[in-house]
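So the chains spell out like this:
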Amino acid sequence: MTAGLLTVKRESVTENSRLRDDWLDLENRASPTVFLSWQWLGHWLHVYQPRAWLLRVEEGARLVGLGLVVQTEERRHGVMKSRCLRLHQTGHKLLDQIWIEYNGFLAEHGKESSVAKACLEYLCNSMTDWDEFIIGAIDADEADSFARATGLHKHLRWEAPCFGVDLNALRRTGTHYLDSLSRNTRYQINRSHRLYRKQGEVSLVRPDSVEEALAMFDRIGPRHLERWGAGPDQSGFANPDFVRFHRELIRFQWPDGGVDLVAVMTGDKEVASFYNLVYNQVVYFYLGGMVVEADNRLKPGLLGHSLCIEDYRHHGFHYYDFMGGNERYKANLGKLHRHLVQISLQRPRFKLKLEDVARRARNRWVKESGGDYGG
């Protein structure tokens, strides 16, 4: 299919022997986040081996866009079945718990809008056997542009703000990270630091080998489970597929600096540890594990993040991204830089319209009765 001067082709991923080289070549001409890099998506293909279609966007003979689309069925309310397309996700809940953020189509720098428009037109006009195109987590403004381009109904499935710290700005102004925070947050961190120093020297420690990196990741697990729980939609450490994905990512990416694991030590005691993705000098905080302290004046998470951020600032990294989430500590430690959403672009199907009417009625009832339903 041709959209303007762009041509979109669909290929089977399993039959494409040049995908890695093509992706890396385009990636070098694009401005992606880690989640649209081969570092993440190549690993996703390797570990989960989804039955994905590759969308190739070309301008003449030049490759300018790529995307991976998976066809699945989603059953809701016990009876309704929806045929779904998903971008860079499998449609299987346990596999998708790794939760891609900053999603979208990989596009040559400056051609992001035209590539997305060409891909969306192709999906709407040349692939007819689907009811919903589910995309997330994606920038909220980009999601709106996708809805406008297709003319389809946009159903919001999830949303969250993103916070982060501009390390380049701190260096330009000569500002230490703590001095950029509110007085209350700075006080809590300094007090925690002072109290921990009474227990031993406070330091950041990184692993010296892949084996040590994996061991540090494994030590995060029990603390993460204690904090978030072992049920569905809670800690990924309760999900073997989640753990497998990240242990293999660490095994392949740690030697080249694609992931960073950091422990906060007070003497010989590990009080916090962090697992971060690293790409193009941007640090993406993915998850961490903190000890639960009986003394609520001790804030291992706040202290640990502040020490890591200052360390990354000192070593020339550009940005520390907390990514999506409403947690208070993210707002206290960073500045809002965008909103993320997961949306469903829905074709005009009667079953989806009926579901939307029922959903709106339920939300209205809950609101009027004083309840809190996230819908």
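Residues numbered from 1 in each chain as written. Predicted model: local features only at pLDDT ≥ 70, side-chain atom pairs only at ≥ 80, totals over all residues. Heavy atoms only, no water.

(A) Representation of the nonpolar core. Of all hydrophobic cores here, the largest spans 55 residues; its most connected members are Trp40, Tyr275 and Leu277. Looking at which element gives the most residues to this core, the answer is helix α2 (residues 38–48), with 7 residues. Ignoring anything within four residues of it in the chain, the contact list for Tyr275 reads Phe217, Ile220, His246, Leu249, Ile250, Val259, Asp260, Leu261, Tyr284, Phe285, Tyr286 and Leu287. Membership of the second largest hydrophobic core comes to 30 residues, among which are Val64, Ala107, Ala116 and Leu152. (Core = buried A, V, L, I, M, F, W, Y, C linked by side-chain atoms within 4.5 Å. Buried < 20%, exposed > 50% of the residue type's maximum accessible area, 1.4 Å probe, protein only. Helix = DSSP H or I, 4+ residues; strand = E, 2+ residues; numbered from the N terminus. Contact = heavy atoms within 4.5 Å.)

(B) The state of the cysteines, seen in detail. Throughout the structure, instances matching the rule amount to 0 disulfides. Cysteine Cys119 shares no disulfide, and the gap to the nearest cysteine sulfur, in Cys124, comes to 11 Å. You can call Cys119 buried: its relative accessible area is 0%. Cys308 supplies the cysteine sulfur nearest to Cys162, a cysteine that is in no disulfide, at a spacing of 19 Å. What makes Cys162 buried here is its relative accessible area of 0%. (Disulfide = S-S within 2.5 Å.)

(C) The arrangement of the environment of Val13 in detail. Mapped onto the fold, Val13 is located in the loop between β2 (6–12) and α1 (19–27). Here Val13 falls in the buried class, since its relative accessible area comes to 12%. Placed 317 residues apart in sequence, Val13 and Lys330 show a C-alpha to C-alpha distance of 37 Å. When residues no more than four places from it in sequence are discounted, the contact partners of Val13 are Leu19, Leu45, Ala52, Trp53, Leu54 and Leu68.

(D) Focus on the pairing of strand β10 (residues 259–266). Counting buried residues along β10, 8 of its 8 residues qualify, which places the element largely inside the surrounding structure. Residues of β10 alternate between two faces, with Val259, Leu261, Ala263 and Met265 on one and Asp260, Val262, Val264 and Thr266 on the opposite face, all of them buried. Pairing geometry for strand β9 (residues 202–205) and β10, over 4 bridges, is antiparallel. When the sheet's bridge partners are listed, Leu204 is paired in β10 with Val264. By the bridge criterion, 8 bridges tie β10 to strand β11 (residues 269–279) in an arrangement that is antiparallel. From the neighbouring strand, Val259 faces β11, where its bridge partner is Leu277. Between the antiparallel neighbours β10 and β11 lie 2 residues, among them Gly267 with a positive phi of about 65 degrees. (Pairing = 2+ DSSP bridges.)

(E) The pattern of salt bridges, seen in detail. Tallying each qualifying case throughout the model produces 34 salt bridges. Put simply, Glu121 and Lys117 hold a salt bridge, and the shortest N to O gap is 2.4 Å. Taken as a pair, Glu121 and Lys117 lie in helix α3 (residues 112–126) at a separation of 4 residues, close to a single helical turn. Taking relative accessible area as the criterion, Lys117 reaches 43% and is therefore assigned partly exposed. Between Asp131 and Lys351 there is a salt bridge whose closest N-O contact spans 3.2 Å. Of this pair, Asp131 sits in the loop between α3 and β7 (132–139) while Lys351 sits in helix α11 (residues 350–368); the two residues are 220 residues apart in sequence, bridging distant segments of the chain. Where salt bridges share partners, they join Lys9, Glu11, Arg18, Asp22, Arg56 and Glu58 into one cluster. (Salt bridge = Lys/Arg side-chain N within 4 Å of Asp/Glu carboxyl O.)

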